[in-house]
Amino acid sequence: MGEDVYRFKRGDSSHRLHRSEDVNFLLDQSQTPLFSALREHAMRRPLQFHIPGHKTGLAMDPEFREFMGERALSIDLINIGPLDDLHHPTGIIDQAQKLAAQAFGADYTFFSVQGTSGAIMAMIMSVVGPGDEILVPRNIHTSVLSAIILSGARPFFLQPEVDLRLGIAHGVRVESVAEGLKRHPNVKAVLLINPTYFGVATDLRSIVKLAHDRGVVVLVDEAHGVHTHFHEQLPPSAMQAGCDLAATSVHKLGGSLTQSSVLNVKEGLVRARHVHSILSLLTTTSTSYILLASLDAARRQLATRGHELLDRAIAMAQSARRRLNEIPGIYCFGEEILASSATFALDPLKLTIRVAEIGLSGYEVEVILREKYNIEVELSDLYNVLCVISFGDTEENIAALISAIAEIANRELLQHHHKIQIVVPSTPVLAMSPREAFYAETEVVQLRDAIGRIIADVIKVYPPGIPILLPGEIVTADNVEFIEENLRAGLPVQGPDDPTIETVRVVKER
């Protein structure tokens with residue numbers, strides 16, 4: 001199969017990595033070397049004396065086997081010889097990754113079965129180590145914090161632009177990055193979130209130029225941007241903007257299975273082989289071939305049909321936004337918020353629906369949508385619900401969402417005469433590095449008694465997973481009040497050893 005599809009040079013058994021543009025074969029984006037080989041292997045029905053022990057489902061609980069189906073279980077395999085090895089790919093996985101690199105505009109693309117969280121950790125740990133300095137936005141995902149703790153890097157926080165009308169954080173301004181680089185001239189990397197969970201993108205190209213002029217590596221948490229590379233009406237992707245590394249969730253809006261992602265690399269300031277070795281260090285040796293195959297197939301669909309599929313999804317999302325904004329008490333932002341380098345471009349597929357004016361929290365609306373209308377949303381917070389549109393949606397299910405929101409809003413506006421006031425807590429002062437605080441000698445105190453102390457826990461609402469408090473920060477009264485308000489609202493506050501958040505760990509005072 002390899003020679004028919006790729007035209008390898010005969011006798012070339014080199015295992016070195018190749019850039020996507022200088023490989024020795026013709027790339028054909030309609031091909032799925034990994035998925036196709038798995039199907040062919042399953043059709044041969046070899047006698048299996050290897051793990052997984054369910055042996056294509058024969059040893060599974062019958063009810064589960066029937067529900068999952070024979071075909072899915074037949075490709076739940078391991079890295080036997082014909083199927084290549086994600087840790088040392090030389091065959092079908094290597095071919096699939098090269099196709100992905102070309103599709104995403106990268107020099108190299110590595111598949112991740114550890115989700116984008118694993119790819120983010122590998123991305124950071126491949127460029128910074130103990131004592132190295134890195135600029136990161138304060139509204140980071142917890143996987144960034146995990147990588148900082150594990151690597152021993154020293155973070156300096158960039159303040160994102162906060163939207164007081166919505167109670168959410170956007171990107172960081174170019175000016176903020178410039179000031180950060182000036183104040184911390186020894187930083188090795190700057191990490192950006194692009195686009196944010198709520199679909200807002202920063203002026204990525206300007207930041208890349210600013211950083212690269214100083215030899216600083218640009219890393220991107222692109223968890224919510226896999227599709228942006230495939231349509232001109234969307235913000236530029238990290239690779240299009242010239243970033244060095246981007247951890248990208250294919251499963252979120254690209255059509256692959258949950259937990260499957262990619263790590264895209266532009267070589268120059270970073271070395272792809274080193275990046276791969278760090279990713280391998282963090283990756284299970286029992287890699288899921290179902291997840292890998294879904295990445296291969298999703299890449300084909302994005303590369304060959306992504307533009308036409310996104311055309312339709314964007315049109316549906318824009319229509320939904322207009323109709324939502326016609327509902328009294330409801331606001332779904334659009335391009336009118338694009339007013340700075342931190343709010344530079346918008347992914348219209350994210351519908352952030354502000355419900356504060358109808359007198360309900362976002363979480364209350366989420367529960368009503370679930371229990372009364374059988375509708376599930378991506379996330380809710382104190383003021384908004386977030387709905388994600390993809391090319392898997394239809395006009396009918398979007399109409400059902402809009403109808404439900406309209407009914408809720410009309411009912412609540414008749415019953416309530418107050419709006420929920422939007423409050424954004426202050427950003428705590430970082431008094432100790434997250435790693436030092438995480439490993440410090442600690443004591444357990446009541447949440448209120450932690451005010452003025454250095455927190456050793458991370459406290460976040462997940463989703464979206466942005467920390468309210470990071471290890472090493474000094475707890476303030478309004479931070480505690482914000483945590484308590486989220487708890488009262490029923491939102492999923494997570495982090496401390498105590499799941500009730502009644503007590504937290506603080507650094508023991510000397």
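Residues numbered from 1 in each chain as written. Predicted model: local features only at pLDDT ≥ 70, side-chain atom pairs only at ≥ 80, totals over all residues. Heavy atoms only, no water.

## Structural notes on the side chain of Thr352
Spelled out, the test is: Every helix listed is a DSSP run of H or I at least four residues long, and every strand listed is a run of E at least two residues long, numbered separately from the N terminus. In what follows, a contact means two residues having at least one pair of non-hydrogen atoms within 4.5 Å.
The residue Thr352 is located in strand S13 (residues 350-354) in this model. In this structure, Thr352 is in contact with Phe198, Tyr331, Cys332, Phe333, Asn384, Val385 and Leu386, ignoring residues within four places of it in sequence.

## Quick look at unusual backbone geometry
Omega for the peptide link from Ile51 to Pro52 comes to 5°, which places this bond in the cis form. Within the secondary structure, Pro52 sits in the loop between helix H2 (33-44) and helix H3 (62-68). Note that the residue after Tyr462, namely Pro463, is joined by a cis bond; omega there is -10°. At Thr56, a residue that is not glycine, the phi angle is positive and equals roughly 60°. Structurally, Thr56 is set in the loop between H2 and H3.

## Some remarks on the environment of Lys460
Examined against the element boundaries, Lys460 turns out to sit in strand S17 (residues 459-461). Lys460 sits 318 residues away from Thr142 along the chain, and the two C-alpha atoms are 8.3 Å apart. Contacts of Lys460, omitting those with residues within four sequence positions, involve Thr142, Gly465, Ile466, Pro467, Ile468, Pro492, Val493 and Gln494.

## Here's the deal with the pairing of strand S18 (residues 466-469)
Rules: When DSSP locates at least two bridges between a pair of strands, those strands are taken to pair.
Pairing geometry for S17 and S18, over 3 bridges, is antiparallel. Looking at the pairing, Val461 lines up with Ile466 of S18. Between the antiparallel neighbours S17 and S18 lie 4 residues, among them Gly465 with a positive phi of about 90°.

## Quick notes on the nonpolar core
Operational definition: Only buried residues count toward a nonpolar core. Its members are Ala, Val, Leu, Ile, Met, Phe, Trp, Tyr and Cys residues joined through side-chain atoms within 4.5 Å. Working definition: with a 1.4 Å probe on protein chains only, accessible area under 20% of the residue-type maximum means buried, over 50% means exposed, and in between means partly exposed.
Counting 63 residues, the largest nonpolar core has Leu34, Phe111, Leu324, Ile330, Val365 and Leu369 as the members making the most contacts within it. Counting residues per element, the ones that place at least two in this core are H2, helix H5 (92-104), helix H10 (250-253), helix H12 (289-324), S13, helix H13 (362-373), strand S15 (384-388) and helix H14 (395-415). It is H12 that provides the largest number of residues to this core, a total of 15 residues. Those residues in contact with Phe111 that lie beyond four places of it in its chain are Leu34, Leu86, Ala96, Gln97, Ala100, Ser261, Val262, Leu279, Leu292 and Leu295.

## Overview of the state of the cysteines
Put plainly, two cysteines are in a disulfide when a covalent bond ties their sulfur atoms together. The criterion, for reference: Counting rule for disulfides: a pair of cysteine sulfur atoms within 2.5 Å.
Tallying each qualifying case throughout the model produces 0 disulfides. Here Cys332 is not disulfide-linked; the sulfur of Cys387 is the nearest cysteine sulfur, at 8.5 Å.

## With respect to the packing of H2 against H12
Heads up, the condition is: Between the N-to-C directions of two axes lies an angle of 0 to 180 degrees, each axis being a line fitted to C-alpha atoms and, for a helix, fitted only over the stretch in contact. When describing relative orientation, an angle under 35 degrees is termed roughly parallel and one over 145 degrees roughly antiparallel, while 65 to 115 degrees is termed roughly perpendicular and anything else oblique.
Interhelical geometry of H2 versus H12 gives an angle of 130° and a closest axis separation of 7 Å. When the axes of H2 and H12 are compared, the pair comes out oblique. Across from Pro33, Leu34, Phe35 and Leu38 in H2, the residues of H12 making contact are Tyr289, Leu292, Ala293, Asp296 and Arg299.

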